[in-house]
Amino acid sequence: MNDDFIKSLKDMPSAHLLGAGVAMCAGCGGLQALKEVYDVLGKNTVFVNAAGCLTLLAIYPFTPFRGSWLYTAMASAPAGAQGVRDALDILIEKKRMPPEEDLDVVVLTGDGAAYGMGLSATSGAIDRGLDFLYLCYDNEGFANTGQQYSAATPHGARTATSAGRQGYPGYKKDLFDIWAANRPSYVATAIAAEPLDFARKVSKAKEMKGPRLVIALAPCPPGWIFDPSQGPEIGRLAVRTGAWPLKEYVDGKVTHTHIPHPRIPVEEYLKLQGRFDHLFRPKRNEAMLADIQARIDAYWAGVA
Ligand SMILES: Cc1ncc(C[n+]2csc(CCOP(=O)(O)OP(=O)(O)O)c2C)c(N)n1
Ligand code: SF4
Ligand SMILES: [Mg+2]
């Protein structure tokens, strides 16, 4: 990278964040989610980022962000956020920083950290009532290291560690419910392909205090195996098939912010992704397709 290019990164406004993903894949759903969050939060933000694909945005000493960036180990981002929040509070209390210059502390991790390795640190942060927003970009695998399965991988998906006709034998963990059970201030699901819903949720979370989570499903072209141009369509299909319910939790109550109607068959979503190719070719795996559809139907049957 030459000096002029690095300087151009430094001078970039936030609106060019997508273009700044020089080390990222075209059509990265995680990067799109981060851009939509950053457009709402703005520069008074410190990101506390656990190892994952979006770590590639921190090209020391520059990032495309106007705010700050702290890099942590995979399991430790909420603990890092505690340190940053404490430091900001002490600076304000000692009048070494005016309150109007306070920063939003945002944990930014993938699903591998959020659903698995970082859950213990997350639980402690929620118990302490830490004032932070957690953005999980959920690409349903350890994408940065070659899409091994994570606790967020959906049933039947092929990953680097789940090959064969059955794909991943487990079921996606319900991080929304795990957080909600801890009674935090706010929990929401979102997706970049539904930008108004996403922006409204981030704006709402920004106005709150305490532990807040937004989980953004993040279609990943190389991990999910699709052409980058199909990312927005796959994102919309995740919602229209009911595979990715858009909802939020506030004050003990869960509200769906969009109820797909009519709900279209989940295979319309699955068949666009190479990671589910084995369910359609060389022969349709009717039993597994029916199982995946039945679980989605059962979920929506329980939505009032
Ligand atoms: C304790 C630990 N184990 C393994 C790694 C190697 N590693 C770096 S990024 C990554 C994948 C993280 O997955 P996720 O949190 O979903 O983020 P993504 O890569 O999908 O963006 C792994 C396994 C690590 N950094 N730390
Ligand atoms: S592997 Fe997936 S999550 Fe990682 S940069 Fe590429 S598209 Fe984004
Ligand atoms: Mg991931």
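These figures come from a predicted structure and were not determined experimentally.

Novice: Just checking my understanding: could you explain the site of ligand 2 for this structure?
Specialist: Taken together, Met24, Cys25, Cys28, Cys53, Asn139, Ala143, Cys220, Pro221 and Pro222 make up the full set of residues adjacent to ligand 2. Split by residue class, the shell around ligand 2 holds eight nonpolar, one polar and no charged.

Novice: Which parts of the structure should I look at to understand the site of ligand 1?
Specialist: Taken together, 16 residues sit near ligand 1, with Cys53, Gly112, Tyr137, Asn139 and Asn144 positioned nearest. In this structure, Asp111 approaches ligand 1 through a side-chain N or O atom, which is 3.2 Å from an oxygen atom. At 3.0 Å from an oxygen atom of ligand 1 is found a main-chain nitrogen or oxygen belonging to Gly141. Burial of ligand 1 by the protein chains amounts to 72% of its free accessible area of 580 Å².

Novice: Help me out: how do you make sense of the coordination of the magnesium ion (ligand 3) in this one?
Specialist: Tetrahedral metal sites with four donors have an ideal angle of 109.5 degrees; octahedral sites with six donors have ideal angles of 90 or 180 degrees. Coordination of the magnesium ion (ligand 3) by the protein comes from Asp111 (OD), Asn139 (OD1) and Gly141 (O), over a distance range of 2.0 to 2.2 Å. Considered as a linear motif, the donors of the magnesium ion (ligand 3) on their single chain read D-x27-N-x1-G. Here the residue Asp111 occupies a position in helix α4 (residues 111-117), and Asn139 occupies one in the loop between β4 (132-138) and α6 (175-181), the gap between them amounting to 28 residues. Of the two residues examined, Asp111 and Asn139, each falls in the buried class.

Novice: What exactly am I supposed to notice about unusual backbone geometry here?
Specialist: Cis rather than trans, the peptide bond between His261 and Pro262 has omega equal to 0°. As for its position among the elements, Pro262 is in the loop between β8 (253-258) and α10 (267-270). In this chain, Arg281 is followed by Pro282 through a cis amide linkage whose omega measures -5°. Mapped onto the secondary structure, Pro282 falls in the loop between α10 and α11 (286-301). For Arg183, which is not glycine, the phi dihedral falls at a positive 50°.

Novice: Got a minute to help me understand helix α3 (residues 77-93) in this structure?
Specialist: Along an α-helix, residues three or four apart share an orientation, since each turn contains 3.6 residues. If you check α3, its first and last C-alpha atoms are 24 Å apart, about what 17 residues at 1.5 Å a residue would give, namely 24 Å. All of the buried residues along α3 are Ala77, Pro78, Gly80, Ala81, Gln82, Val84, Arg85 and Leu88. Looking at the buried positions of α3, the neighbouring elements they touch are β1 (45-50), β2 (68-72), β3 (104-110), α5 (119-127) and β4. Backbone geometry just after α3 places Lys95 at a positive phi near 60°.

Novice: What should I look at first to understand α11 in this one?
Specialist: For α11, spanning 16 residues, the distance from its first C-alpha to its last is 22 Å, which sits close to the expected 22 Å at 1.5 Å a residue. Among the residues making up α11, those that are buried are Met288, Leu289, Ile292, Gln293, Ile296 and Trp300. Taken around the axis of α11, the buried residues stretch over an arc of 135°, which confines them to a single face. Exposed residues pointing more than 90 degrees away from the buried face of α11 are listed as Ala287, Ala298 and Ala301. Next to the buried residues of α11 lie β8 and α10.

Novice: Explain the nonpolar core to me, please; I cannot follow it from the model alone.
Specialist: Side chains of a nonpolar character, in soluble globular proteins, are inclined to be buried together. The biggest cluster of nonpolar side chains holds 54 residues, and the ones touching the most others in it are Tyr134, Tyr269 and Leu270. Excluding residues within four positions of it along the chain, Leu270 makes contact with Phe276, Leu279, Phe280, Leu289 and Ile292. Counting residues in each nonpolar core, the second largest holds 29 residues, with Leu34, Tyr38, Leu135 and Tyr186 among its members.

Novice: Sorry if this is basic, but what is going on with the sheet that holds β8 here?
Specialist: The pairing of strands in a sheet comes from backbone hydrogen bonds and takes either a parallel or an antiparallel form. Ordered in space as β2-β1-β3-β4-β6-β5-β7-β8, the eight strands form an open sheet in which the pairing is mixed. Bordering the open sheet on either side are β2 and β8, each of which pairs with just one other strand. The sheet shows a mean angle of 20° between the axes of neighbouring strands, taken without regard to direction. Pairing geometry for β3 and β4, over five bridges, is parallel. Bridging across to β4, Val106 finds its partner in Leu133. Sitting on the sheet, helix α9 (residues 231-240) touches β5 (186-191), β6 (211-217), β7 (246-250) and β8, and the angle it makes with β5 is about 125°.

What counts and what doesn't
Residues numbered from 1 in each chain as written. Chains lettered and ligands numbered in written order. Predicted model: local features only at pLDDT ≥ 70, side-chain atom pairs only at ≥ 80, totals over all residues. Heavy atoms only, no water. Near = heavy atom within 4 Å. Nonpolar A, V, L, I, M, F, W, Y, C, P; charged D, E, K, R; others polar. Polar contact = N/O pair within 3.5 Å; in protein donor to acceptor, adjacent residues only side chain to side chain. Areas by Shrake-Rupley, 256 points an atom, 1.4 Å probe, with all protein chains shown as cover. Donors = N, O, S within 2.8 Å, 3.2 Å for Na, K, Ca; no water. Helix = DSSP H or I, 4+ residues; strand = E, 2+ residues; numbered from the N terminus. Buried < 20%, exposed > 50% of the residue type's maximum accessible area, 1.4 Å probe, protein only. Expected span 1.5 Å × (residues − 1). Contact = heavy atoms within 4.5 Å. Arc of directions from axis to C-beta. Core = buried A, V, L, I, M, F, W, Y, C linked by side-chain atoms within 4.5 Å. Pairing = 2+ DSSP bridges. Axes fitted to C-alpha atoms, helices over the stretch in contact; angles between N-to-C directions.

Scope: geometric values only; no functional claims are made or implied.
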